[in-house]
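Chain and residue survey
Each chain is listed here by its residues.
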Amino acid sequence: DTAVSQTPKYLVTQMGNDKSIKCEQNLGHDTMYWYKQDSKKFLKIMFSYNNKELIINETVPNRFSPKSPDKAHLNLHINSLELGDSAVYFCASSQRVTGNGELFFGEGSRLTVL
Amino acid sequence: QQQVKQSPQSLIVQKGGISIINCAYENTAFDYFPWYQQFPGKGPALLIAIRPDVSEKKEGRFTISFNKSAKQFSLHIMDSQPGDSATYFCAAKGGSEKLVFGKGTKLTVNP
């Protein structure tokens, strides 16, 4: 059973297009995250939702819009894609307050913008 | 502002050797220090973690050493194996705040 699953695993698209990545966790966690990992492997947090409420919104362009329909799902929509958006996007979940802080990551969605 | 500084950026070790990765932090409110391991094409996964009330934690061949006064912690991998080749991230957080990651160390263990 996959704990944190995200789809699709690969996206290849042209500049200016819009794309979405979906994430689901079956761990019963109350908090979900989107991280961006660039070509240098640096992990940068983008957003975090706790029980469907946005709690972390780092300096991310408005073209990125997360949506959490329920606490088990967190989707990421990206408008007007740019070359610099090429990266691996990781979804993660944790139990924020009562947990030990451990993040569980999905396998990533590699976005390539041409 | 990078709150967790990790070094080295890359590390090459021979099989059977000891791999050592170091991290330093500034925020004294941090109270949880995990290490994550990431294999190519996979997401990071928790390897081992420590809280500041102990100076060392060992799990198998992996040991975290923690120096609260120096605000430093390190990962030691004993008897390093080719299967340990991966990118390692240190991280830190305080309370319910976000986890802050170091920039990662790419470890290569040669057979």
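In case you missed it, the structure is sitting above this.
Residues numbered from 1 in each chain as written. Chains lettered and ligands numbered in written order. Predicted model: local features only at pLDDT ≥ 70, side-chain atom pairs only at ≥ 80, totals over all residues. Heavy atoms only, no water.

A closer look at the interface of chain B and chain A
Cut-off, in case you're wondering: Contact definition: two residues touch when any of their heavy atoms are within 4.5 Å. By definition, the buried area sums, over both parts, the 1.4 Å-probe accessible area that each loses when the two are put together. For salt bridges, the criterion is a side-chain nitrogen of Lys or Arg within 4 Å of an Asp or Glu carboxyl oxygen. Whenever two N or O atoms come within 3.5 Å, that pair is a polar contact, provided that in protein one can donate a hydrogen and the other can accept it, and provided that, for residues adjacent in sequence, both atoms are side-chain atoms. Polar here means any residue other than Ala, Val, Leu, Ile, Met, Phe, Trp, Tyr, Cys and Pro, which are nonpolar, and Asp, Glu, Lys and Arg, which are charged; Gly is therefore polar.
Taken residue by residue, the interface counts 17 residues in chain B and 19 residues in chain A. Buried surface at the junction of chain B and chain A, summed over both partners, amounts to about 1,600 Å²; 56% is from carbon and sulfur atoms. There are 2 salt bridges connecting chain B and chain A. The partner of Lys98 of chain B in a salt bridge is Glu58 of chain A, with the nearest N and O atoms 2.8 Å apart. Counting across the chain B and chain A interface gives 4 residue pairs in polar contact (both at pLDDT 80 or more). Taken together, the residues that form the side of chain B that touches chain A break down as 7 nonpolar, 5 polar and 5 charged.

A word on the packing of aromatic side chains
Stated precisely, the cut-off is as follows: Side-chain rings of Phe, Tyr and Trp, where Trp is taken by its six-membered ring, are said to pair if the distance between their centres is within 6.5 Å; with planes under 30 degrees apart they count as stacked, over 60 as edge-to-face, and otherwise as tilted. Per the convention used, a helix needs a DSSP run of H or I reaching at least four residues, while a strand needs a run of E reaching at least two, with both numbered from the N terminus. Categorising residues by exposure relies on relative accessible area from a 1.4 Å probe, with only protein chains included: less than 20% of the type maximum marks a residue as buried, more than 50% marks it as exposed, and the intermediate range marks it as partly exposed.
In this structure the tally under the stated criterion is 17 aromatic pairs over all chains. An angle of 45° between the planes, with centres 4.7 Å apart, marks the rings of Phe33 of chain B and Phe66 of chain B as tilted. Placement of the pair is Phe33 of chain B in strand S4 (residues 33-38) and Phe66 of chain B in strand S7 (residues 62-67), with a sequence separation of 33 residues. Residue classification places Phe66 of chain B among the buried positions, given a relative accessible area of 7%. Chaining the aromatic ring pairs together yields one cluster made of Tyr33, Tyr35, Phe90 and Phe105 of chain A together with Tyr36, Phe89 and Phe101 of chain B.

A look at unusual backbone geometry
Residue Pro8 of chain A is reached from Thr7 of chain A by a cis peptide bond, and omega for that bond is -5°. A cis amide bond links Ser7 of chain B to the next residue, Pro8 of chain B, at an omega of -5°. By secondary structure assignment, the location of Pro8 of chain B is in the loop between strand S1 (4-7) and strand S2 (10-14). Look at Asn51 of chain A: it is not a glycine, yet its phi comes out positive at around 50°. Following the sequence through the fold, Asn51 of chain A ends up in the loop between strand S5 (43-50) and strand S6 (53-57). Since its relative accessible area comes to 41%, Asn51 of chain A is described here as partly exposed. Despite not being glycine, Asp79 of chain B has its phi angle at roughly 45°, a positive value.

Some thoughts on the sheet that holds S1 of chain B
Residue and element names in this part refer to chain B. Note the cut-off: Only when DSSP finds a minimum of two bridges between them are two strands counted as paired. Here an axis means a line fitted to C-alpha atoms, over the contact stretch when the element is a helix, while the angle between two N-to-C directions is reported on a 0 to 180 degree scale.
Reading across from one edge, S1-S3-S8-S7-S6 is the order of the 5 strands in this open sheet, with antiparallel pairing throughout. Each end of this open sheet is capped by a strand with a single partner; those strands are S1 and strand S6 (56-59). Neighbour-to-neighbour, the strand axes of this sheet turn through a mean angle of 15°, independent of strand direction. The pairing of S1 with strand S3 (residues 19-25) spans 4 bridges and is classified as antiparallel. Directly across from Val4, in S3, lies its bridge partner Tyr25.

Some details on the sheet that holds strand S7 (residues 64-70) of chain A
All names here are of chain A. Across the sheet, 4 strands lie side by side as S1-S3-S8-S7; this open sheet has antiparallel pairing. Strands at the two margins of the open sheet, each flanked by one partner only, are strand S1 (4-7) and S7. Strand after strand, the sheet turns through a mean of 15° between neighbouring axes, direction not considered. Of the strand pairs in this sheet, S1 and strand S3 (residues 19-25) are connected by 4 bridges, and their pairing is antiparallel. Pairing of Ser5 across the sheet is with Glu24, part of S3.

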